[in-house]
Amino acid sequence: MNSIILRVAVQVLFPLLLVASLLSLFRGHNEPGGGFIGGLVAASAFILVTLSGGVAEGERRLRMPPLRLIGAGLSLAFIAAVVPLFFGHAFFEALWTDLYIPIVGKPGTPVLFDLGVYLVVVGVVCKIVFSIADDN
């Protein structure tokens, strides 16, 4: 789509959507949000870039092939599930640290799992959109 209005809007909206997606990701433990919703918001930022500048621009802004994002996300989710086994807990049991980080909260295996979901959602949605846009 060759629209100057869309291109200018994307320049403003792209960073805002990425920040909103990260806030949604990290506040998702106790309030609405989380990896899935945060991933969808981040993917919408890359969809806007793809609509305004084409697939090459979307891939350039993503900086990593979508399939690699999916693999990294699945790996993080698997690690979050397996780590409790090394501490004598059940598979997928939540482990939290006593450390508190502003915005993130208390890091633990659920945060790691949410981050994995976030990466998988961004990778899958971007792969689908890039594939559809490439066919046109």
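As a starting point, this report considers the structure included with it. Predicted model only: the values in this text are computed from it and were never measured. (Residues numbered from 1 in each chain as written. Predicted model: local features only at pLDDT ≥ 70, side-chain atom pairs only at ≥ 80, totals over all residues. Heavy atoms only, no water.)

1. Some words on a nonpolar patch on the surface
- Among the surface-exposed residues, Ile4, Ile5 and Val8 lie close enough to one another that they form a single nonpolar patch of about 330 Å² accessible area.
- Mapping valine 8 onto the fold places it in helix H1 (residues 4-27). (Patch = residues over 30% accessible without salt bridge, like charges linked within 9 Å, V, L, I, M, F, W, Y side chains within 5 Å. Areas by Shrake-Rupley, 256 points an atom, 1.4 Å probe, with all protein chains shown as cover. Salt bridge = Lys/Arg side-chain N within 4 Å of Asp/Glu carboxyl O. Helix = DSSP H or I, 4+ residues; strand = E, 2+ residues; numbered from the N terminus.)

2. Considering the packing of aromatic side chains
- Scanning all chains against the criterion turns up 3 aromatic pairs.
- Taking 5.3 Å as the distance between ring centres and 80° as the angle between the ring planes, the aromatic pair formed by phenylalanine 14 and phenylalanine 46 counts as edge-to-face. You can see phenylalanine 14 sitting in helix H1 and its partner phenylalanine 46 sitting in helix H2 (residues 35-53), a full 32 residues away along the chain. Comparing phenylalanine 14 with phenylalanine 46 shows no difference in burial state: the two are buried.
- Plain terms: the ring middles of phenylalanine 92 and phenylalanine 113 are 5.4 Å apart, the flat faces sit at 80° to each other, and that makes the pair edge-to-face. Here the residue phenylalanine 92 occupies a position in the loop between helix H4 (66-86) and helix H5 (109-135), and phenylalanine 113 occupies one in helix H5, the gap between them amounting to 21 residues.
- The exposure class of phenylalanine 92 is partly exposed, given its relative accessible area of 45%.
- One aromatic cluster in this structure is built from Phe91, Phe92 and Phe113.
- A cation over an aromatic ring shows up here: arginine 61 above the ring of phenylalanine 14, its NZ or CZ 4.7 Å from the ring centre. (Phe/Tyr/Trp six-rings, centres within 6.5 Å; stacked < 30°, edge-to-face > 60°. Buried < 20%, exposed > 50% of the residue type's maximum accessible area, 1.4 Å probe, protein only. Lys NZ or Arg CZ within 6 Å of the ring centre and 35° of its normal.)

3. Observations concerning the environment of arginine 60
- Considering the arrangement of structural elements, one finds arginine 60 in helix H3 (residues 55-62).
- Remark: the alpha-carbon pair of arginine 60 and asparagine 2, spanning 58 residues in sequence, is separated by 18 Å.

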